[in-house]
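Chain by chain, the residues:
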Amino acid sequence: MAGAGMATAEERVDAVVVGAGFAGLYAAHRLSELGLAVRGFEAGLGVGGTWYWNRYPGARCDIESLEYSYQFSDELAREWKWSERYAAQPEILAYLEHVADRFDLRRHFRFGHRVGAARYDESTATWAVSTDAGARVRARFVLLATGCLSKPNIPKIPGLDSFRGAVHHTGLWPAEGVDVRGLRVGVIGTGSSAVQAIPLLAEHARRLVVFQRTPTYSVPARNRPLDPEEERRVKADYRGFRLRNWRMPFGAFADQEPRGGSALEASPEERRARYDTWWEKGGLPFLAAYDDLLVSPEANRTAADYIRERIREIVRDPALAESLLPEQMVGCKRLCIDSGYYETWNREHVALVDLRRNPILGIEAGGVRTRAERFDLDLLVLATGFDAMTGAALAIDLRGREGRPLREKWASGPRTYLGLCTAGFPNLFFITGPGSPSVLANMVPAIEQHVNWIADCLAHLGARGLGCIEARPEAEEAWVEHVNQVAGFTVFPTCNSWYLGANVPGKPRVFMPYIGFGTYVDRCDEVAEKGYEGFDLRR
Ligand code: FAD
Ligand code: NAP
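Since this is a predicted model, take the numbers as computed values, not measurements. (Residues numbered from 1 in each chain as written. Chains lettered and ligands numbered in written order. Predicted model: local features only at pLDDT ≥ 70, side-chain atom pairs only at ≥ 80, totals over all residues. Heavy atoms only, no water.)

> Lay out the state of the cysteines in plain terms, naming residues and giving numbers.
Tallied over the full model, the rule gives one disulfide. With its sulfur 2.0 Å from that of its partner, Cys-332 forms a disulfide with Cys-495. With the S-S bond torsion at -115°, the cross-link from Cys-332 to Cys-495 turns out left-handed. Separated by 163 residues along the polypeptide, Cys-332 in the loop between helix H10 (318-323) and strand E11 (336-338) and Cys-495 in the loop between helix H15 (473-488) and helix H16 (517-529) bring together distant segments of the chain. Considering cysteine sulfurs only, Cys-524 is the nearest to Cys-148, which forms no disulfide, with 14 Å between them. Cys-457 forms no disulfide, and the closest cysteine sulfur to it belongs to Cys-421, at a distance of 7.0 Å. (Disulfide = S-S within 2.5 Å. Helix = DSSP H or I, 4+ residues; strand = E, 2+ residues; numbered from the N terminus.)

Encoded structure:
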């Protein structure tokens, strides 16, 4: 924990990178390759980001490991072997630790340092950055690799502090693990984290009570050990495989093509057969069984009905199955993928509390009190998600030109140009910021694409003796409008998802990710080719 707790003299570097997950590590690598002096800060005590913090039982990726990994180094891809179709958290963390060691990236970072403030000084065209552990640094560029899903959303439930047992958010899970054997465990939430954790918590807990506000759709992951033959086949043309993914709307799944067509043009029998096929294959590609599932509410209903039917088949108690049936459009909230989620509801010691009918009144020392009943519990798991997309950036006191706070600029929702920059904040870059495909893409290629774009941009500035880049307000305006327009053609804005900020009370309701990875990449390339169109470049 280099330097934590010590006030230090102001350090001068070219670029500050905040965060040491997939994004921060690769940013430090690319920028130092350019010959820039980089100082990285990471609040955690090690690298890994998401995979450092989310150690809850069952945590694993929902994009296949062969796709959910870096592609900047052929050697790295060749030498690293994933053990499962969807790697679990310890393996992904080990991968990121390997990357940090292999490319000697830890030397750039100070761990245990949370950046609290970053202020732009117009007189010197530099950023003054400081951390809660006393570090101060001045840099020309700041890259926020702070993560889209890194600020836990802790619900304000009355009495939460008075609970006698342990309370753990899935995104702040103790590294030493939590022994639930013999305990009465409560889980609040039924999103992806809960869907992964519930079957494993049920395995060991004496009693498991799940508090559900919105039922979720989940498709079986069909996780399995990675077949060496499959890995050999994919890696025989790994570059080609990864490049094909770059052309896909979500930056993954290219090898699962072809399918497509309209769900509405197929007969009920054809549809059933196709959904059966994708249900059996497992995973997120279920949502691409037809081309129109995410754009046509009618087409979407056919997939939603199919999943509801499967839930009714799996969950033996019909009343319980009814309570688990989601009503929103499928995919509108991120589709979950699971290993035995619905099957877990057939276990005697697992109970559901439907908060729509029986809301939580408060938490007491011994458990959770709902309108109808009190549940005695020893341990509470908050699987309540994140202040997504903007939470981590806005937690920093970021001030741009004329001392204007980002919190003020984004008071009615985030505004960026390409999700990369925001007007009034020169030389500040967001990696997978709001307005970029980010969480609606396989995030590792999304991160690499952003870092590559930023690195190329800094090289461009350096080669021309330019020191400053800033998004133009009109370009930003047009981009924000475009992001919303695209979202408006889809089913995404139709429910209370975290994509819209709807999970955090008081957060402005704005659709934050850009839909369409391939189109987005083309647009970023075009902007760069046109001399950074929409940006002001200054000396
Ligand atoms: P993160 O990994 O979130 O890292 C950000 C880092 O910044 C954190 O370590 C944080 O401590 C640090 N930080 C933040 N603010 C500060 C500050 N002020 N000062 C210092 N440090 C700071 N995406 C997929 O594409 N596929 C998946 O299968 C997938 N699975 C996921 C599973 C879980 C449980 C979660 C929560 C997310 C998942 N995601 C997935 C999204 C995931 O967040 C990204 O894939 C990716 O790991 C993000 O990397 P990142 O470096 O951008 O951010
Ligand atoms: P999430 O999807 O936001 O789910 C949070 C859950 O908590 C929801 O069911 C939500 O209900 C509920 N909740 C929130 N506040 C509540 C309150 N005050 N009272 C009762 N219930 C409350 O969060 P997540 O499960 O951590 O997942 C977040 C994202 O991280 C995912 O969508 C995905 O992108 C990523 N992730 C991926 C994986 C993976 O499979 N690889 C695993 C975990 C996470 P509402 O729906 O009603 O808001």
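After that view, the rundown keeps rolling.
> How would you sum up the pattern of salt bridges? Please name residues and give values.
Summed over all chains, the structure comprises 47 salt bridges. Residue Arg-232 pairs with Glu-229 through a salt bridge whose shortest N-O separation is 2.8 Å. With Arg-232 and Glu-229 both in helix H6 (residues 228-236) and three residues apart, this pair spans about one turn of that helix. Residue Arg-401 pairs with Glu-470 through a salt bridge whose shortest N-O separation is 2.5 Å. Of this pair, Arg-401 sits in the loop between strand E17 (397-399) and helix H13 (406-409) while Glu-470 sits in strand E19 (residues 468-471), and the two are 69 residues apart along the sequence. Judged by relative accessible area, which is 28%, Arg-401 ranks as partly exposed. (Salt bridge = Lys/Arg side-chain N within 4 Å of Asp/Glu carboxyl O. Buried < 20%, exposed > 50% of the residue type's maximum accessible area, 1.4 Å probe, protein only.)

> Describe the pairing of strand E2 (residues 38-42), with residues and values.
Here E2 lies mainly inside the structure; five of its five residues are buried. Of the two faces of E2, both are covered, the one formed by Val-38, Gly-40 and Glu-42 as well as the one formed by Arg-39 and Phe-41. You can see the chain leave strand E1 (residues 11-18), run along helix H1 (residues 22-33) and come back into E2, and the turn it takes is right-handed. Here E2 pairs with strand E3 (residues 109-111) via three bridges, running parallel. When the bridges of E3 are listed, Glu-42 appears paired with Phe-111. (Right-handed = clockwise from strand over helix to strand, strands pointing away. Pairing = 2+ DSSP bridges.)

> Please provide a residue-by-residue account of the site of ligand 2, values included.
In the region of ligand 2, 23 residues are neighbours, and Arg-60, Ser-193, Arg-213, Thr-214 and Lys-333 sit closest. Between an oxygen atom of ligand 2 and a side-chain N or O atom of Arg-213, the distance comes to 2.8 Å. Here Arg-334 contributes a side-chain N or O atom positioned 3.4 Å from an oxygen atom of ligand 2. Coverage of ligand 2 by the protein chains reaches 88% of its 900 Å² of free accessible surface. Considering each element in turn, the shell around ligand 2 owes the most residues, three residues, to helix H5 (residues 192-204). Classifying every residue of the shell around ligand 2 gives nine nonpolar, nine polar and five charged. (Near = heavy atom within 4 Å. Polar contact = N/O pair within 3.5 Å; in protein donor to acceptor, adjacent residues only side chain to side chain. Areas by Shrake-Rupley, 256 points an atom, 1.4 Å probe, with all protein chains shown as cover. Nonpolar A, V, L, I, M, F, W, Y, C, P; charged D, E, K, R; others polar.)

> I'd like to hear about unusual backbone geometry, residue by residue, with values.
The phi angle at Met-389 is positive, at roughly 70°, despite the residue not being glycine. Inspection of the secondary structure assignment puts Met-389 in the loop between strand E16 (379-382) and helix H12 (391-394). Since its relative accessible area comes to 5%, Met-389 is described here as buried.

> Please give an account of the domain arrangement of the protein that cites residues and values.
The domain boundaries assigned to the protein delineate domain 1 (10-151 + 388-479 + 517-538) and domain 2 (184-382). Of note, the centres of domain 1 and domain 2, computed from C-alpha atoms alone, are 30 Å apart. Counting residues at the interface gives 33 residues for domain 1 and 36 residues for domain 2. Taken over both partners, the interface formed by domain 1 and domain 2 buries close to 3100 Å², and the fraction arising from carbon and sulfur atoms is 47%. (Domains from an automatic or database assignment. Contact = heavy atoms within 4.5 Å. Buried area = accessible area lost by both parts, 1.4 Å probe.)

> Give a description of the environment of Ala-236 that names residues and reports values.
Its place among the elements puts Ala-236 in helix H6. A relative accessible area of 63% means that Ala-236 is categorised as exposed. Remark: the alpha-carbon pair of Ala-236 and Arg-78, spanning 158 residues in sequence, is separated by 9.7 Å.

> Can you explain the site of ligand 1? Please cite residues and give values.
In the vicinity of ligand 1 there are 32 residues, among which Glu-42, Thr-50, Asp-62, Tyr-68 and Val-115 approach most closely. In the environment of ligand 1, an oxygen atom lies 3.1 Å from a nitrogen or oxygen atom belonging to the side chain of Trp-53. Measuring from a nitrogen atom of ligand 1, one finds a backbone N or O atom of Val-115 at 2.7 Å. Contact with the protein chains hides 95% of the accessible area of ligand 1, taken as 980 Å² for the molecule alone. Of all elements in the fold, only H1, E2, helix H2 (50-53) and helix H14 (443-463) reach the threshold of two or more residues within the shell around ligand 1. Broken down by element, the shell around ligand 1 gets its largest block of residues, three residues, from H2. Looking at the shell around ligand 1 residue by residue, the class counts come to 19 nonpolar, 10 polar and three charged.

> Tell me what's going on with the sheet that holds strand E14 (residues 367-370), and back it up with residues and numbers.
Judged by pairing direction, the sheet is antiparallel, and its three strands sit side by side in the order E13-E14-E15 without closing on themselves. Edge strands, defined here as strands with exactly one partner in the open sheet, are strand E13 (360-364) and strand E15 (374-376). Averaged over all pairs of adjacent strands, the angle between their axes in this sheet comes to 20°, without regard to strand direction. Here E13 runs beside E14; their pairing, made up of four bridges, is antiparallel. Looking at E14, one finds that Ile-360 is bridged to Thr-370. (Axes fitted to C-alpha atoms, helices over the stretch in contact; angles between N-to-C directions.)

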